[in-house]
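# Observations on chain architecture
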Amino acid sequence: MRRMRLALELLCWCIALPGAGADEGAYTKGRLNLPFVGHTTFGKFPPGDMDALSRRPDFAVLGVPNDMGTQYRSGARMGPRGIREASTLYQFGHAEVYDADTGETYQYGDVLDVGDVDIVHTDQEASLNRTREAVEQVLRAGVTPFILGGDHATTAPVCSALAVLSKPVVLVQIDAHLDFVDERHGVRYGHGNCMRRCLEMPHISSMLQLGIRSVSSTAKSSFEDAERMGSKILSVREVRKLGTESTAALVPQGAQVYFSIDIDGFDPSIAPGTGTPSHGGFSYYEVKDLLREIIFRASDVVGLDLVEVSPPYDPAQVTSLLAARILFDAMGFIKLKRAQTSSPKAEL
Ligand SMILES: [Mn+2]
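We now turn to the structure provided with this report. Here the structure is a predicted model, which means the values were calculated and not measured.

### A few points about the pattern of salt bridges
- If you walk through the whole model with that rule in mind, you get 20 salt bridges.
- The partner of Arg84 in a salt bridge is Asp113, and the shortest N-O contact between them spans 2.7 Å. With Arg84 in helix α3 (residues 79-87) and Asp113 in strand β4 (residues 111-116), this residue pair connects regions lying 29 residues apart in the sequence.
- Asp113 gets classed as buried once you look at its relative accessible area, which sits at 4%.
- The residue Glu136 makes a salt bridge to Arg140 at a minimum N-O spacing of 4.0 Å. Taken as a pair, Glu136 and Arg140 lie in helix α4 (residues 124-140) at a separation of four residues, close to a single helical turn.
- Here Glu136 falls in the buried class, since its relative accessible area comes to 15%.
- Taken together, the shared-partner salt bridges connect Asp182, Glu183, Arg188, Arg197 and Glu200 into one network.

### Re α4
- In a regular helix each residue adds 1.5 Å, so 17 residues correspond to 24 Å; α4 covers 24 Å between its end C-alpha atoms and thus fits that length.
- In this structure, the buried side of α4 is in contact with β1 (59-64), β5 (144-149), α5 (155-161) and β10 (300-307).
- The residue sitting at the N-terminus of α4 and contributing the capping side-chain oxygen is Asp123; that oxygen lies 3.4 Å from the backbone nitrogen of Glu125.
- Immediately downstream of α4, the backbone of Gly142 shows phi near 75 degrees, a positive value.

### Some points on the coordination of the manganese ion
- Around the manganese ion, the donor atoms from the protein are His152 (ND1), Asp175 (OD), Asp179 (OD) and Asp262 (OD), and they sit 2.1 to 2.2 Å away.
- Spacing between the donor residues of the manganese ion along their common chain follows H-x22-D-x3-D-x82-D. With His152 in the loop between β5 and α5 and Asp179 in the loop between β6 (169-174) and α6 (194-199), the pair connects residues that are 27 residues apart, well separated along the chain. Of the two residues, His152 and Asp179, both sit in the buried class.

### Let's talk about the nonpolar core
- Counting residues in each nonpolar core, the largest one holds 53 residues, and the members touching the most others are Ile83, Phe146, Leu210, Val257, Phe259, Leu291 and Leu306.
- The greatest single-element share of this core, amounting to 12 residues, is contributed by helix α11 (residues 318-341).
- Setting aside its immediate chain neighbours within four residues, Leu291 contacts Ile174, Phe259, Ile261, Ile326 and Ala330.
- Judged by nonpolar contacts, the second largest core, of 37 residues, contains Leu53, Val135, Met207 and Ala226.

### Some points on the sheet that holds β6
- Spatially, the eight strands line up as an open sheet ordered β4-β1-β5-β10-β9-β6-β7-β8, and their pairing is parallel. The sheet is open, and its two borders are formed by β4 and β8 (231-234), each paired with just one other strand. The average undirected angle you get between the axes of adjacent strands in this sheet is 15 degrees.
- As paired strands, strand β9 (residues 256-262) and β10 are joined by seven bridges and run parallel to one another.

### What about the side chain of Lys337?
- By the secondary structure assignment, Lys337 is in helix α11.
- The side chain of Lys337 is buried and forms no salt bridge, while Asp300, the nearest opposite charge, is found at 6.1 Å.
- Every residue in contact with Lys337, bar those within four places of it in the chain, is listed here: Ile295, Phe296, Ala298 and Ser299.

About the thresholds
For every chain, the first residue of the written sequence is number 1, and numbering continues from 1 along that sequence. Owing to the predicted nature of the model, reporting of local features is limited to residues with pLDDT of at least 70; listing and counting of side-chain atom pairs is limited to 80 or more, with chain, interface and lining totals taken over all residues. Computation of side-chain values: all heavy atoms of the structure, hydrogens and water removed. Here, a salt bridge means any Lys or Arg side-chain nitrogen found within 4 Å of an Asp or Glu carboxyl oxygen. Numbering of helices and strands starts at the N terminus; helices are DSSP runs of H or I of at least 4 residues and strands are runs of E of at least 2. Each residue is placed in one exposure class: buried if its accessible area under a 1.4 Å probe, protein chains only, is under 20% of its type's maximum, exposed if it is over 50%, and partly exposed if it falls in between. The span one expects for a helix is its residue count, reduced by one, times 1.5 Å. Between two residues, a contact is recorded if the distance between any of their heavy atoms is within 4.5 Å. A 3.5 Å cut-off defines polar contacts: any pair of N or O atoms within that distance qualifies, except that in protein one atom must be a possible hydrogen donor and the other a possible acceptor, and neighbouring residues in sequence count only when both atoms are side-chain atoms. Metal donors: N, O and S atoms at distances within 2.8 Å, or within 3.2 Å for Na, K and Ca, with water omitted from the atom set so that some sites may seem incomplete. Among the buried residues, those of types Ala, Val, Leu, Ile, Met, Phe, Trp, Tyr and Cys that are joined through side-chain atoms within 4.5 Å form a nonpolar core. Two strands qualify as a pair provided DSSP detects at least 2 bridges between them. Inter-axis angles, ranging from 0 to 180 degrees, are taken between N-to-C directions of lines fitted to C-alpha atoms, where helices are fitted over the stretch in contact. When charges are tallied, Lys and Arg are placed among the positive residues and Asp and Glu among the negative ones, while His and the ends of the chain are skipped.

In structure tokens form, the structure reads like this:
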């Protein structure tokens, strides 16, 4: 019995060890604040409204609970809630993040969860306009928006908001689908049109579309249109053949980059909770490594969206967990890169 108690005490002591550089006082004596305790904001960072942008956090997390643009399974309107809930897993209250893969220690920085865009059911136009206005507000405050979708129709108004920046932006999309349909039955702002709408905008200088593989979602003519308009398209197999570094090198050195990550760019075996899954997708490490390589190549990342997580189709929560993990990874890499190069935030 005594031996068991000793083993238990030893175990507790090991779990309670602080991370390197952590504030040991607060770490051991403050609230334990386990992942399942407290308010469910993104990463359990304190919530705030748009007025709190005046403190100039590194990142503003903005939910866009809108799935009016879907063509198959809906549910992405619950994406922001699902990702926020899953994100709590990664917050154990360590002052810093130690990445055992890369051996680096870094921080996510000052993250503000500004809540959600106020969506108007049945009114896609009003909802997309409200999305654009909210992102403009974040960018004008000099803060990097991290958008939680919502379906991929979200990206068109977000890209439109990037016009407030003074320099052109290179858009890097990770997706199973090209999303380059021009117009069908009068629909121009569904989740299958978004990348064409973005590339039509003068401030989007070029596009890199990675992971594209879905059979028959987009006609051949749309692939040709995309390339003619300034897009480079690579399938998962092509990215694997080319390798991470050479793929990242397709982004012009020093470009301002915006990332649009459709969760269906990942393989459905690790991301089943989405509206239009497509087999043969990326693994977690493939996307993580690509993000890191591109982030360190870019002058800065001006924003990121992660779309198409559909919690109703994600019973084991694995898709939301993956989404939250990749968002944290991107925040960490951007913050690390900014710290190493003292590069300014997005130029207005
Ligand atoms: Mn998409």
